[in-house]
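# Geometric and topological summary
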Amino acid sequence: MFCKFPAFFRLYRADVLLLSFLAFFAGRLLGNSDFSWIFVVQAVFIALFPYNFVYTLNSITDVVEDSANKPWRPLPSGVISRRDAVLWLIFLTLGSIFGTVILFESMEKFLVFFILIFGVFYSLPPFVLKKRGILACFVTGFGISYPMIVAGGKSFLPCSLSLLLHVLGVTALKDLSDTEGDALAGRKNRIGLGKTCAVSVFFMLLSAVGFLLSPQKIAVILPLSSIILLLLNFFFAKKDFKEKIYGRIIFITGITAVAAVVMLKMAAGL
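The notes below deal with the structure included here.

Rules used throughout
Residues numbered from 1 in each chain as written. Predicted model: local features only at pLDDT ≥ 70, side-chain atom pairs only at ≥ 80, totals over all residues. Heavy atoms only, no water. Helix = DSSP H or I, 4+ residues; strand = E, 2+ residues; numbered from the N terminus. Buried < 20%, exposed > 50% of the residue type's maximum accessible area, 1.4 Å probe, protein only. Contact = heavy atoms within 4.5 Å. Areas by Shrake-Rupley, 256 points an atom, 1.4 Å probe, with all protein chains shown as cover. Patch = residues over 30% accessible without salt bridge, like charges linked within 9 Å, V, L, I, M, F, W, Y side chains within 5 Å. Salt bridge = Lys/Arg side-chain N within 4 Å of Asp/Glu carboxyl O. Core = buried A, V, L, I, M, F, W, Y, C linked by side-chain atoms within 4.5 Å. Polar contact = N/O pair within 3.5 Å; in protein donor to acceptor, adjacent residues only side chain to side chain. Axes fitted to C-alpha atoms, helices over the stretch in contact; angles between N-to-C directions. Parallel < 35°, antiparallel > 145°, perpendicular 65-115°, else oblique. Left-handed = near helix turned anticlockwise from the far one by under 90°. Nonpolar A, V, L, I, M, F, W, Y, C, P; charged D, E, K, R; others polar.

### A closer look at the overall build of the protein
- Within the protein one finds 14 helices and zero strands.
- Taken along its principal axes, the extent of the C-alpha atoms in the protein is 55 × 50 × 35 Å.
- Counting across all 270 residues of the protein, residues that qualify as buried make up 49%.
- Put simply, 70% of the contacts in the protein that link residues at least 6 apart link residues at least 24 apart.
- When the accessible surface of the protein is split by element, carbon and sulfur atoms take 74% of a total near 13,100 Å².

In structure tokens, the structure reads:
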């Protein structure tokens, strides 16, 4: 069982691990005047347990579409069995519950528990939100920005909501390369490449306006850098656009998020 740990973590997504960690850590760091190592511990926990649970459950219920879109993943390739994946999911469930009880207090405890509930609603009947067309992208975007909402609290809500709009723009691009598997799974939510990019830019522009109206104006570099990258790739890198754009946007979002947090903390210290 222990030798399968690398394969178990491949049921998760590296981009979600990074973004959930950054979103929670940024919200906690910017919402407090003093740094504490517990912020790092909480952010690591959020990324490694509750969000790992959500995406592992999704991987277990997505075997049909993954067999077409990503046949190299652990379950469709047979690297691990469904039984082993379920046992790993049980471990993540217990770890998420005990970690939440230990690391969080009062209302935050319930907000973190909601991540698990969110994962169940996303992947399991009778809801199966991941099959609800465009709504699935919005749900995914909300899930990725949710850690900042939890960590930042009410005082940081304008920035958190602006981040949500940015992430909605990013997740609109997520499934561009997964058409075959989504068809097998009965998802018929395609609106075309041009319209998908237009929706993405629209939400990112709303995000930019939101950041400019918030106290954390410097964070406008997140949506603006993503819009520039998206347009450059759309007009000049059409050959591999569908396959590469989501990963490229995630990469630039991670870099600009770190830069924005550093600049905001430096400004707060002046």
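### Regarding a nonpolar patch on the surface
- On the surface, a cluster of nonpolar side chains totalling about 710 Å² of accessible area is made up of Val86, Leu87, Ile90, Leu94, Ile97, Phe98, Val101 and Ile102.
- Along the chain, leucine 94 falls in helix α7 (residues 82-103).
- Residue classification places leucine 94 among the partly exposed residues on the basis of a relative accessible area of 44%.

### Notes on the pattern of salt bridges
- Under the counting rule described, the total for this entry stands at six salt bridges.
- Linking arginine 28 and glutamate 108 is a salt bridge whose minimum nitrogen-to-oxygen distance equals 2.8 Å. Pair noted here: arginine 28 is in helix α2 (residues 14-30) and glutamate 108 is in helix α8 (residues 106-123), with a separation of 80 residues, a long-range link.
- Ionic pairing is found between lysine 130 and aspartate 62, a salt bridge with its closest N-O pair at 2.7 Å. A residue pair is termed long-range when its members are at least 10 positions apart, and lysine 130 in the loop between α8 and α9 (134-152) and aspartate 62 in the loop between α4 (50-61) and α5 (63-69) qualify at 68 residues.
- Given the relative accessible area of 4%, lysine 130 is considered buried.
- Given the relative accessible area of 7%, aspartate 62 is considered buried.

### Let's talk about the environment of arginine 10
- Looking at where arginine 10 falls in the secondary structure, it is placed in the loop between α1 (5-9) and α2.
- In the structure, arginine 10 is positioned 49 residues away from serine 59 in sequence and 9.5 Å away in space, judged by C-alpha atoms.
- Discounting residues that sit within four places of it in the chain, arginine 10 has contacts with Trp72, Arg73 and Pro74.

### As for the nonpolar core
- Core analysis: the largest hydrophobic core is formed by 63 residues, its most contacted members being Ile46, Tyr51 and Leu230.
- Leucine 230 has contacts with Leu173, Cys197, Ser200, Val201, Phe241, Ile245 and Ile249, leaving out every residue within four places of it along the chain.

### Remarks on the side chain of glutamine 42
- By the secondary structure assignment, glutamine 42 is in helix α3 (residues 37-48).
- The buried category is assigned to glutamine 42, whose relative accessible area is 6%.
- At 3.1 Å, the side chain of glutamine 42 and the side chain of arginine 28 are in polar contact.
- A distance of 3.0 Å separates a polar side-chain atom of glutamine 42 from the backbone oxygen of leucine 103.
- Not counting residues up to four positions away in its chain, the partners in contact with glutamine 42 are Phe24, Arg28, Leu103 and Phe104.

### Thoughts on the environment of methionine 266
- Tracing the chain through its elements places methionine 266 in helix α14 (residues 241-269).
- Along the primary structure methionine 266 and glycine 119 are separated by 147 residues, whereas in three dimensions their C-alpha atoms are 36 Å apart.

### As for unusual backbone geometry
- The omega torsion across proline 125 and proline 126 is 5°, close enough to zero to call that bond cis.
- In this structure, valine 128 is a non-glycine residue whose phi angle is positive, near 45°.

### A short note on the packing of α4 against α7
- Where α4 contacts α7, the two axes come as close as 9 Å, and the packing angle between them is 155°. Taken together, the axis directions place α4 and α7 in an arrangement best described as roughly antiparallel. The interaxial crossing formed by α4 with α7 has left-handed handedness. Residue-level contacts link Pro50, Asn52, Phe53, Thr56, Leu57 and Ile60 of α4 to Arg82, Ala85, Val86, Trp88, Leu89, Leu92, Thr93 and Ser96 of α7.
- The residue inventory of the contact of α4 with α7, partitioned by class, reads nine nonpolar, four polar and one charged.

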